[in-house]
Amino acid sequence: MKQTLDELKEAYLGTVRLLSHSRFTIKSYKSGLKIFGEFLATKHNLDILSAIDKIKSDELDVYRLLQNFVIYLDETGRGGNAIRSYLASTKGFLRHCKVKINSDELKLSIKIPRLVRKREIPITKEMINRILHVSPPRLHAGILVSVSGGMRLEELVCLRISDVDFNTKPTTVSIRSETAKRRVGRTTFLTSEASQTLKDYLALQFGWKDGQDNTHLQNIHIFGRYSKEKT
């Protein structure tokens, strides 16, 4: 029985999820497939499954199609990093659907805009202080913890109360391997200011109590999407 497009996408994204364990990668790949579908509808009056059938029957050249997809992405204002990500997701999905794509021929056939690297201006302590001054408690605590502990956004939002040990000096934070870059866990530390701000936020948000048994709160995501400020 022939699979539907949604079934093929779900199976493909399942393999991506298995390899990356990154929700940001999954989100990017989903976007890439959505935009590829828009490109096919706009430029070729085709849906994805019809395009795959035409590629397999040699009615469409896969390398020319992918090059036109890159041109479409560039024309619609996507940057170099986005183009590379969307091309990777589309190429992977086509291969998942048994479309033969030779890596060497792909490199020779597909031209991608060069990355434009802008000079980055480092954030200063004064900038951080201005941001903190107008930030609500959740953002205030998140910024201090992230800056103090050198955490990536994904590491921060996946942080659980059980990952933080206030009994050490300085306070230690365990970054779990499933959220860390390259899937290698590590331990980082918080300054006394970040540690106290985090304690205040936990008390406000979750009723956490310093020096007492907070076992019932251990699995709560500190900065999770569904956290809500208490009023």
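What comes next concerns the included structure. Chains are numbered independently. Their residues run from 1 in the order of the written sequence. Selection of residues for local features in this predicted model requires a pLDDT of at least 70, selection of side-chain atom pairs for listing and counting requires 80 or more, and totals for whole chains, interfaces and linings are taken over all residues. Hydrogens and water are ignored here; the side-chain numbers use all heavy atoms of the structure.

Some details on the packing of aromatic side chains
Centre-to-centre distance and the angle between the planes together describe a pair of aromatic rings. To keep it simple, the criterion reads: What counts as a ring pair is set by centres within 6.5 Å for rings of Phe, Tyr and Trp (its six-membered ring), and what kind of pair is set by the plane angle: stacked under 30 degrees, edge-to-face over 60, tilted for all other angles. Secondary structure counts use DSSP, requiring at least four H or I residues in a row for a helix and at least two E residues in a row for a strand, with both numbered from the N terminus. Throughout this description, buried means an accessible area under 20% of the type-specific maximum (1.4 Å probe, protein chains only), exposed means over 50%, and partly exposed covers the range between.
A full pass over the atoms with the stated rule returns 9 aromatic pairs. Their ring planes at 10° and their centres at 5.6 Å tell us that Tyr-201 and Phe-223 sit as a pair that is stacked. One end of the pair, Tyr-201, is in helix α10 (residues 192–206); the other, Phe-223, is in the segment after α10, with 22 residues separating them in the sequence. Overall, Tyr-201 belongs to the buried group, its relative accessible area being 2%.

What about helix α5 (residues 80–96)?
Here is the rule we go by: Under the convention used throughout, the expected extent of a helix is 1.5 Å for every residue step, that is, one less than its residue count. Every residue pair with non-hydrogen atoms within 4.5 Å of one another is taken to be in contact.
In this model, α5 (17 residues) spans 24 Å end to end at C-alpha, consistent with the 24 Å of a helix rising 1.5 Å per residue. Of the positions making up α5, those classed as buried are Gly-80, Ile-83, Ser-85, Tyr-86, Leu-87, Ser-89, Thr-90, Phe-93 and Leu-94. Each element contacted by the buried residues of α5 is listed here: α1 (5–20), α2 (23–44), α3 (48–56) and α4 (62–75). Of the residues trailing α5, Lys-98 is marked for its positive phi of about 70°.

Remarks on the pairing of strand β2 (residues 172–175)
Threshold: At least two DSSP bridges between two strands are needed for those strands to be called paired.
Across 2 bridges, strand β1 (residues 164–165) lies against β2 in antiparallel orientation. Considered in β2, the bridge of Val-164 is made with Val-173. Where β1 hands over to β2, the hairpin turn is made up of 6 residues, counted between the paired strands. For β2 and strand β3 (residues 186–189), the ladder comprises 4 bridges, and the chain directions are antiparallel. The residue bridging Val-173 from the neighbouring strand is Thr-188, located in β3.

Concerning the environment of Leu-132
Of note, Leu-132 is situated in helix α7 (residues 125–133). In sequence terms Leu-132 and Leu-156 are 24 residues apart; their C-alpha atoms lie 17 Å from each other. If we ignore the near neighbours within four places in the chain, the residues touching Leu-132 are His-140, Ile-143 and Leu-144.

With respect to the pattern of salt bridges
Definition in use: Should a side-chain nitrogen of Lys or Arg be within 4 Å of a carboxyl oxygen of Asp or Glu, the pair is scored as a salt bridge.
Scanning the model with the defined rule gives 7 salt bridges in all. The closest approach of N and O atoms between Arg-186 and Glu-155, which form a salt bridge, is 2.9 Å. Linking Arg-186 in strand β3 with Glu-155 in helix α9 (residues 153–157), this pair joins segments that are 31 residues apart in sequence. The class of Arg-186 is partly exposed, set by a relative accessible area of 31%. On the basis of relative accessible area, Glu-155 is assigned to the buried category, the value being 2%. Linking Arg-176 and Asp-163 is a salt bridge whose minimum nitrogen-to-oxygen distance equals 3.1 Å.

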